[in-house]
Amino acid sequence: MFSMQLFKRGMIKAVLHMLILTYLMYLLFPLLWMISTSFKPTPEIYSGIPTLIPEVFTLDHYVSVLKEERLLKSILNSLYVGVITSVIVVLISLPAAYALSRYKTSINKAVMGWILTTQIFPAILIMIPLYMILRSLQLTDTLAGLVLVYVVWDIPFVLWMLQGYVKEIPVELEEAAAIDGATQSQIIYKIIMPLLLPAIGASVMFAFITAWNEFFFALVLLKSPDLSTLPVELARFTGIEGQARTGPLAAASFMATIPSIILFAVLRKWFASGTLQGAVKG
Amino acid sequence: MSVTAGVTTRPRNRNLDQLQLLLPILVPVMLISLVPLIRGIYIGFTDYELGGQMHFTGLENYRIMLHDRFFWRSMGVGFLWTAIVTALQIGLGMGLAMLLNQGLRLTSLYTVLMLVPWAMPPIVRGLIWRQIYSPDTGALNLILTQWGLINEPINWLTSFEWAIPAIIIAGIWGEIPKAALFFLAGLKTIPSSLYEAAELDGATSYRKFRHITLPLMKPIMAAVVSLSFMWNFNAFGLVWILTEGGPGGLTRLPMLAAYEEAFRYGYVGYAAAIGNVMVVIISLFLFFYLRVQLKERLGE
């Protein structure tokens, strides 16, 4: 009897694993296919036989990608924009997050309302006037202009996340510091910031990836080929010579995905921990 | 001394204190988000064309829209796309979240792997699926041919029959991880004691789902449905890369229509007007949907 029950439980578990693997096949197959294509010699790509593991393994496509000066330049541009954006977002969101969680005034509701509202409006409404404003500041077709846009774009999420964490920090710590004569900015950057390091790390990575991935604003705001970011360059890369570059395109796409995969691997603990649970509980 | 802030010992205007700290974000937000937004809404009531003068024309754009076949077609496909992608991503996302909440071995590995599509840059998502659908080197054609299901390759993205299913399958693929992640977080907040108590009473799995999981998940479900509706209705990048709205405007979602009006034809005023209509539609949906949700919850 007992072993029968154990057998039944084992069967159920096997079925559940199978179901999850079916999901993962759908979710992972496109990436695996891209990785496989990036290592196949061109004749094999066009051989008409679907194989996930290349019969001949080659690094040619990666080499040819790394020889593309414009693509390399665009990677550097994306890195630059991503790093500057994420640092600025966190530095200016931190005092704001502190203000939102420590002071309960009518401004809170306005800011939270704005965070939600930003989700409703299609980017097209903002794009055209934004272009005009940046032009009058002489910031169109500059990376600085793009950074400015991304900073504002990232603020809602970073602010929402940081203020949740600040709430968890006991106020007594700050009161003690205030009695010792610490100023407000000292309290924020010397006491709150170190305690928030995990959340700040997550915010930095989030802001970096958003900037690294973004396509629409970069497409419209940057005109010089020298300044284009990786997503824009990837879109161009396919446009010019089309199908013939399947292999190098797969290699470049995979390279563009690596930072995000690293981010998700690092954030695994964060996903598993109580952070999001706290967020959805509200 | 103030209890919460503990920063100053003399009474000051708290709003002013707070405002000072918020200033570094308020200035860029005003300049880059709020002002352009308000201006964008206004442009939707003008005849502005790229490089031209701007004249207030009231509701003229919306009068033109009423008779614009392309606009109605794009709204039609926009609703179809939004409804199907949202429904399937909720259903499939919930299913996946429940599977990941069974306490199976390898769950944390599964969770990371399921997030992969979300981790990819949207442009790469588009490029990947374009490659899969490609008529000569695409995995889909190769596999279907090898299995003998089709005789000759199909050009999925330019076919009138297949273009819409093709973009929907790619769209859901990118959205399942987000939905599953939110649902998983929600499921974890349900105390296991509830299920244990139900098991003692001999409840079946279906009844546990129906009477414990579903009611407790309703608020999160409402949040995910609202967000997904907004994101899907405003979608642009993926479909742009896959089809650019083709074949023959069949997959021209509202955002693609607005983008083309503005940047291909230069009708900026009309493009902004389409944007305004989209905002109204989303707001109406949220209003009625959330009201129904709220009533249900108060009724219980």
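Everything discussed here concerns the structure shown above.
Because the structure is a prediction, the values reported are computed rather than measured. (Residues numbered from 1 in each chain as written. Chains lettered and ligands numbered in written order. Predicted model: local features only at pLDDT ≥ 70, side-chain atom pairs only at ≥ 80, totals over all residues. Heavy atoms only, no water.)

A. Representation of the layout of surface pockets in the model. One number sums up the size of the second largest pocket: a volume of about 910 Å³. Taken together, 42 residues form the lining of the second largest pocket, with A235 of chain A together with R130, W240, I241 and E244 of chain B sitting closest to its centre. Per-element tally for the lining of the second largest pocket: the top contributor is helix α6 (residues 123-136) of chain A, with five residues. The residue inventory of the lining of the second largest pocket, partitioned by class, reads 23 nonpolar, 13 polar and six charged. (1 Å grid on protein atoms, 1.4 Å probe; cavity = no way out; pocket = protein on both sides within 12 Å on 5 of 7 lines; lining within 4 Å. Points joined across faces, edges and corners; volume = space filled by probe spheres on them. Helix = DSSP H or I, 4+ residues; strand = E, 2+ residues; numbered from the N terminus. Nonpolar A, V, L, I, M, F, W, Y, C, P; charged D, E, K, R; others polar.)

B. Focus on the interface of chain B and chain A. Contacts between the two partners involve 99 residues from chain B, matched on the other side by 91 residues from chain A. With both sides pooled, the region where chain B packs onto chain A buries about 8500 Å², and carbon together with sulfur makes up 79% of that total. Between chain B and chain A we count zero salt bridges in total. Scanning the region where chain B abuts chain A turns up nine residue pairs in polar contact (both at pLDDT 80 or more). The dominant element in the side of chain B that touches chain A, judged by the number of residues it contributes, is helix α1 (residues 14-43) of chain B, at 22 residues. Of the residues contributing to the side of chain B that touches chain A, the split by class is 72 nonpolar, 20 polar and seven charged. (Contact = heavy atoms within 4.5 Å. Buried area = accessible area lost by both parts, 1.4 Å probe. Salt bridge = Lys/Arg side-chain N within 4 Å of Asp/Glu carboxyl O. Polar contact = N/O pair within 3.5 Å; in protein donor to acceptor, adjacent residues only side chain to side chain.)

C. Region of the structure containing empty space enclosed by the protein. For the structure on display, the rule yields four cavities of 30 Å³ or more. Counted as a void, the largest cavity has a volume near 50 Å³. Looking at the largest cavity, the residues that line it are W33, T37, K40, E44, I45, I49 and T246 of chain A together with Q131, T137 and L142 of chain B. Elements supplying a minimum of two residues to the lining of the largest cavity: α1 (2-38) and α2 (42-45) of chain A.

D. Broad picture of the pattern of salt bridges. Residue and element names in this part refer to chain A. Applying the stated criterion to the full structure yields nine salt bridges over all chains. The shortest N-O distance in the salt bridge between E174 and R102 comes to 2.8 Å. One end of the pair, E174, is in helix α8 (residues 171-179); the other, R102, is in helix α4 (residues 69-102), and 72 residues separate them in sequence. When its relative accessible area of 0% is taken as the criterion, E174 is described as buried. Ionic pairing is found between R236 and E233, a salt bridge with its closest N-O pair at 3.4 Å. (Buried < 20%, exposed > 50% of the residue type's maximum accessible area, 1.4 Å probe, protein only.)

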